[in-house]
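# Observations on the model geometry
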Amino acid sequence: MRCFYFFNRGSSKPARGNRKKKLMIIWICDREKSDIDELKSLIECYKKKKDIGNVEVRVFDDAADLIQEMIEGDVADIIILDAMIAENGTEDLLKRIRTRNSDSKVILLISEMRHVLDGYQMKTDWILLKENPSDRFFECMDRLCSDIREKRKILSLSCVEGDFVFSRSKILFIESEGHRCTIHELNGDYHIYRRLDEL
């Protein structure tokens, strides 16, 4: 449990470095070069149309390499995953992805419509047909980007020790007693000597 003593009463200023557009990281896990090229082209078109700005695309031709990146601490906002890429089955791969980073959005690429039910049972965020991914790609990206923006909403506070940023999606609740607030977050509780209406 930590206590923060805040200065500059009134509205809190944004944390340093949060003023520019956030980088969006997209991973593609597929072995087919033609599919990868098409997906990169769709991402580029979407980026220009929606004026997203900073997008980094990384390609993995092996599921083990993708998992290794996650083990090393790297994460992606969106993972576009070929359903046939995992040697031990896609369901096992998705479980490993969710264990490492539950916030990553997963788009499953399937080759046949009969695999749609499997995708839903595996709780993927979206399913696209490999033969024509452009069909609903922009709709898919609109939905996932909206979810990502919602999760990225933050509460930033300035105090004597520096700027602290709390992800709103990880705040369970805030309780207030006079000039003291307690932020109950997934990682623990934080005591703040500030009124609730000043947060």
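Residues numbered from 1 in each chain as written. Predicted model: local features only at pLDDT ≥ 70, side-chain atom pairs only at ≥ 80, totals over all residues. Heavy atoms only, no water.

If you trace the five strands from one edge of the open sheet to the other, you get E3-E2-E4-E5-E6, paired in parallel fashion. The open sheet has two edge strands, strand E3 (55-60) and strand E6 (126-129), and neither has a second partner. For this sheet, the mean inter-axis angle between neighbouring strands, taken without regard to orientation, is 20°. The sheet contact formed by strand E2 (residues 24-29) and strand E4 (residues 78-82) spans four bridges and is parallel. Note on E4: the bridge partner recorded for Ile26 is Ile78. Along the sheet, helix H1 (residues 33-50) contacts E2, E3, E4 and strand E5 (105-110); its crossing angle with E3, the most-contacted strand, is approximately 170°. Against the sheet, helix H5 (residues 137-151) contacts E2, E4, E5 and E6, and its axis sits at roughly 160° relative to E5. (Pairing = 2+ DSSP bridges. Helix = DSSP H or I, 4+ residues; strand = E, 2+ residues; numbered from the N terminus. Axes fitted to C-alpha atoms, helices over the stretch in contact; angles between N-to-C directions. Contact = heavy atoms within 4.5 Å.)

The next point concerns the nonpolar core. Within the largest apolar cluster, 23 residues are counted, with the highest numbers of intra-cluster contacts made by Trp27, Leu66, Ile79, Leu81, Leu93 and Ile97. Of all elements in the fold, only E2, helix H2 (63-71), E4, helix H3 (90-100) and E5 reach the threshold of two or more residues within this core. Of the residues forming this core, the biggest block, four residues, is contributed by H2. If we skip the residues at most four places from it in the chain, Ile97 touches Leu66, Ile67, Met70, Ile79, Leu81 and Val106. With 21 residues, the next largest nonpolar core counts Ile36, Leu42, Met141 and Cys145 among its residues. (Core = buried A, V, L, I, M, F, W, Y, C linked by side-chain atoms within 4.5 Å. Buried < 20%, exposed > 50% of the residue type's maximum accessible area, 1.4 Å probe, protein only.)

The axes of two packed helices give the description: the angle between them and the distance between them. For the pair H1 and H5, interaxial distance at closest approach is 11 Å and the crossing angle is 60°. By the criterion of interaxial angle, the relationship of H1 to H5 is oblique. Judged by the sense of rotation from one axis to the other, the crossing of H1 with H5 is right-handed. From H1, Leu39, Leu42, Ile43, Cys45, Tyr46, Lys49 and Lys50 reach across to H5, where they touch Phe137, Phe138, Met141, Asp142 and Cys145. Among the residues making up the contact of H1 with H5, the classes are represented as nine nonpolar, no polar and three charged. (Parallel < 35°, antiparallel > 145°, perpendicular 65-115°, else oblique. Left-handed = near helix turned anticlockwise from the far one by under 90°. Nonpolar A, V, L, I, M, F, W, Y, C, P; charged D, E, K, R; others polar.)

A word on the pattern of salt bridges. Here the structure, examined in full by the defined rule, presents 10 salt bridges. Of the charged contacts in the structure, one is a salt bridge between Lys130 and Asp35, with a shortest N-O distance of 2.8 Å. In this pair, Lys130 is assigned in the loop between E6 and H5 and Asp35 in helix H1, connecting sequence segments 95 residues apart. Exposure class is identical for Lys130 and Asp35. Each is buried. The partner of Arg58 in a salt bridge is Glu69, and the shortest N-O contact between them spans 3.0 Å. (Salt bridge = Lys/Arg side-chain N within 4 Å of Asp/Glu carboxyl O.)

Where H2 contacts H3, the two axes come as close as 10 Å, and the packing angle between them is 15°. Taken together, the axes of H2 and H3 are roughly parallel relative to one another. Here the hand of the crossing between H2 and H3 comes out left-handed. Residues Ala63, Leu66, Ile67, Met70 and Ile71 of H2 form the contact with H3, whose participating residues are Leu93, Arg96, Ile97 and Arg100. Among the residues forming the contact of H2 with H3, the class breakdown is seven nonpolar, no polar and two charged.

Mapped onto the elements, Thr182 comes out in strand E10 (residues 180-185). Discounting residues that sit within four places of it in the chain, Thr182 has contacts with Phe173, Ile174, Glu175, Asp189, Tyr190 and His191.

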